[in-house]
Amino acid sequence: MNLKEQVGYKAVDFVKDGMIVGLGTGSTVYYFIHAIAEKVKNGLKVELVSTSIQSIELAKSLGLVVKNLEEVDRIDVTVDGVDEIDKNFNAIKGGGAALFREKIVADITDTVVWIYDETKDVEKLGGFNLPVEILPFGYSHTIRKMKEQGLNPVLRIKDNEVLITDNNNYIVDLHLGYGFDIEDVKNKLSNIVGVLEHGLFLNMCKYCIKGTSEGPVLITNYSK
Ligand code: 5RP
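Values in this document were obtained by computation on a predicted structure and should not be read as measured data.

Q: Is there a simple way to think about the overall build of the protein chain in this case?
A: Tallying secondary structure elements over the protein chain gives six helices and 15 strands in all. Here the C-alpha coordinates of the protein chain stretch approximately 55 × 35 × 35 Å along the principal axes. Buried residues in the protein chain amount to 50% of all 224 residues. Within the protein chain, counting contacts between residues at least 6 apart in sequence, those at least 24 apart form 73% of the total.

Written as structure tokens, this is what we have:
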């Protein structure tokens, strides 16, 4: 088993009969969705909601039923990946462009579990560029404002086209550098009209499962 597979399968330990479960997005959650599908085939009864169209399609292709978020009033447990995480359980997410839905789903979840391999574990955030979802209307002005604030924005392009999110918006990646000032960046972004959501997920998880060569390590966030 590779490290992503290891943590994806380990995360099903958090899922019990009767739960409403949030499916994150990405190549690590891919294994969690496979693990859930196997459990469901063996009789596990859960309701599922998703953070992206990609995860809905994967789940459906494995025979799972995925509900619309409006059909549930809360979520018991959500399992998602991260792009980087520091010692204070602050993470950067959105490498897969799903940050907005991921943040909404995390916000209404009782227990958020992040799964990742040890390469994501960092002393300080910033090695990974910070994704921000912005409105397409007036986007060049939004980007100009970001530049004026020294946020080094780069509009995300995929296959030679501007990437469009599941919410029909754009993603800008901020090249902030290692050890950037989290509070300062958060404040600057909150003052820019056109910014819809950013990929800073600060202290939002209760548990982490880190994949290491010695096996999965469960980390509890006692401040939650
Ligand atoms: C998508 C995300 C993912 O959770 C994050 O990019 C990690 O993905 P992966 O498990 O493929 O490394 O935030 O928006």
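Back to the text.
Q: Where do I start with the packing of aromatic side chains in this structure?
A: Each aromatic ring pair is specified by the distance between its two centres and by the angle formed by the two planes. Under the counting rule described, the total for this entry stands at three aromatic pairs. Taken together, a centroid distance of 5.0 Å and an interplanar angle of 40 degrees make the contact between phenylalanine 14 and tyrosine 207 tilted. Of the two residues, phenylalanine 14 sits in the loop between helix 1 (3-10) and strand 1 (20-23) while tyrosine 207 sits in strand 14 (residues 207-212), which places them 193 residues apart along the sequence. Sitting above the plane of the phenylalanine 201 ring, lysine 103 keeps its charged end 5.0 Å from the centroid. Sitting over the face of the ring of tyrosine 207, lysine 206 holds its NZ or CZ atom 5.9 Å from the ring centroid.

Q: Just checking my understanding: could you explain the layout of surface pockets for this structure?
A: Space left empty within the atom packing is revealed by a probe, the size of a water molecule, rolled over the atoms. Counted as a void, the largest pocket has a volume near 420 Å³. For the largest pocket, the lining is made up of 27 residues, of which Thr25, Gly26, Gly95, Gly96 and Ala97 are closest to its centre. Secondary-structure elements contributing two or more residues to the lining of the largest pocket are helix 3 (53-61) and strand 9 (157-158). Tallied by class, the residues present in the lining of the largest pocket amount to eight nonpolar, 11 polar and eight charged. What the second largest pocket holds in volume is close to 200 Å³. Lining the second largest pocket are 13 residues, and of these Ser50, Thr51, Leu69, Arg101 and Val105 lie nearest its centre. For the lining of the second largest pocket, the elements supplying multiple residues, two or more each, are strand 2 (47-50) and helix 4 (99-107). Considering each element in turn, the lining of the second largest pocket owes the most residues, four residues, to helix 4. Tallied by class, residues from the lining of the second largest pocket come to six nonpolar, four polar and three charged.

Q: Whenever I open this one, the nonpolar core confuses me. Can you help?
A: Inside soluble globular proteins, nonpolar side chains tend to come together where they are buried. Val15, Val21, Phe32 and Ile115 are the most contacted members of the largest nonpolar core, which totals 26 residues. In terms of residues, this core owes the most to one element, helix 2 (residues 29-41), which gives six residues. Apart from the residues lying within four places of it in its own chain, the contact partners of isoleucine 115 are Val7, Gly8, Ala11, Thr28, Val29, Phe32, Val79, Asp80, Gly81, Val82 and Ile209. One finds Leu125, Leu155, Val172 and Ile192 within the second-largest nonpolar core, a separate group that totals 20 residues.

Q: What's the story with helix 4 in this structure? I'm lost.
A: Side chains of residues three or four places apart in an α-helix project in the same direction, reflecting 3.6 residues per turn. Burial in helix 4 covers these residues: Leu99, Glu102, Lys103, Val105 and Ala106. Burial along helix 4 is one-sided: seen end-on, the buried residues are contained in an arc of 165 degrees.

Q: Sorry if this is basic, but what is going on with the site of the ligand here?
A: Near the ligand lie 18 residues; those nearest to it are Ser27, Thr28, Asp83, Gly94 and Lys120. The separation between an oxygen atom of the ligand and a polar side-chain atom of serine 27 is 2.5 Å. Backbone polar atom of glycine 96 to an oxygen atom of the ligand: 3.3 Å apart, as the coordinates give it. When isolated, the ligand has an accessible area of 380 Å², and the protein chains bury 91% of it.

Q: Can you walk me through the sheet that holds strand 4 (residues 84-85) in this structure?
A: In any sheet, the strands associate via hydrogen bonds between backbone groups, in a parallel or an antiparallel arrangement. The three strands lie next to each other as 4-5-13, forming an open sheet whose pairing is antiparallel. A single partner strand is all that each edge strand has here, and the edge strands are strand 4 and strand 13 (200-202). The sheet contacts of helix 6 (residues 182-190) involve strand 5 (90-92) and strand 13, and relative to strand 13 the element is tilted by about 125 degrees.

Q: Where do I start with helix 6 in this structure?
A: All buried positions along helix 6 are accounted for by Ile182, Val185 and Leu189. Each buried residue of helix 6 sits inside an arc of 70 degrees when the element is viewed along its axis, so together they form one side. Packing partners of the buried residues in helix 6 comprise strand 5, strand 7 (130-134), helix 5 (139-148), strand 11 (170-174), strand 12 (195-198) and strand 13. Looking at where helix 6 begins, the residue whose side-chain oxygen comes 3.2 Å from the main-chain nitrogen of glutamate 183 is aspartate 181.

Criteria and thresholds
- Residues numbered from 1 in each chain as written.
- Predicted model: local features only at pLDDT ≥ 70, side-chain atom pairs only at ≥ 80, totals over all residues.
- Heavy atoms only, no water.
- Helix = DSSP H or I, 4+ residues; strand = E, 2+ residues; numbered from the N terminus.
- Buried < 20%, exposed > 50% of the residue type's maximum accessible area, 1.4 Å probe, protein only.
- Contact = heavy atoms within 4.5 Å.
- Phe/Tyr/Trp six-rings, centres within 6.5 Å; stacked < 30°, edge-to-face > 60°.
- Lys NZ or Arg CZ within 6 Å of the ring centre and 35° of its normal.
- 1 Å grid on protein atoms, 1.4 Å probe; cavity = no way out; pocket = protein on both sides within 12 Å on 5 of 7 lines; lining within 4 Å.
- Points joined across faces, edges and corners; volume = space filled by probe spheres on them.
- Nonpolar A, V, L, I, M, F, W, Y, C, P; charged D, E, K, R; others polar.
- Core = buried A, V, L, I, M, F, W, Y, C linked by side-chain atoms within 4.5 Å.
- Arc of directions from axis to C-beta.
- Near = heavy atom within 4 Å.
- Polar contact = N/O pair within 3.5 Å; in protein donor to acceptor, adjacent residues only side chain to side chain.
- Areas by Shrake-Rupley, 256 points an atom, 1.4 Å probe, with all protein chains shown as cover.
- Pairing = 2+ DSSP bridges.
- Axes fitted to C-alpha atoms, helices over the stretch in contact; angles between N-to-C directions.

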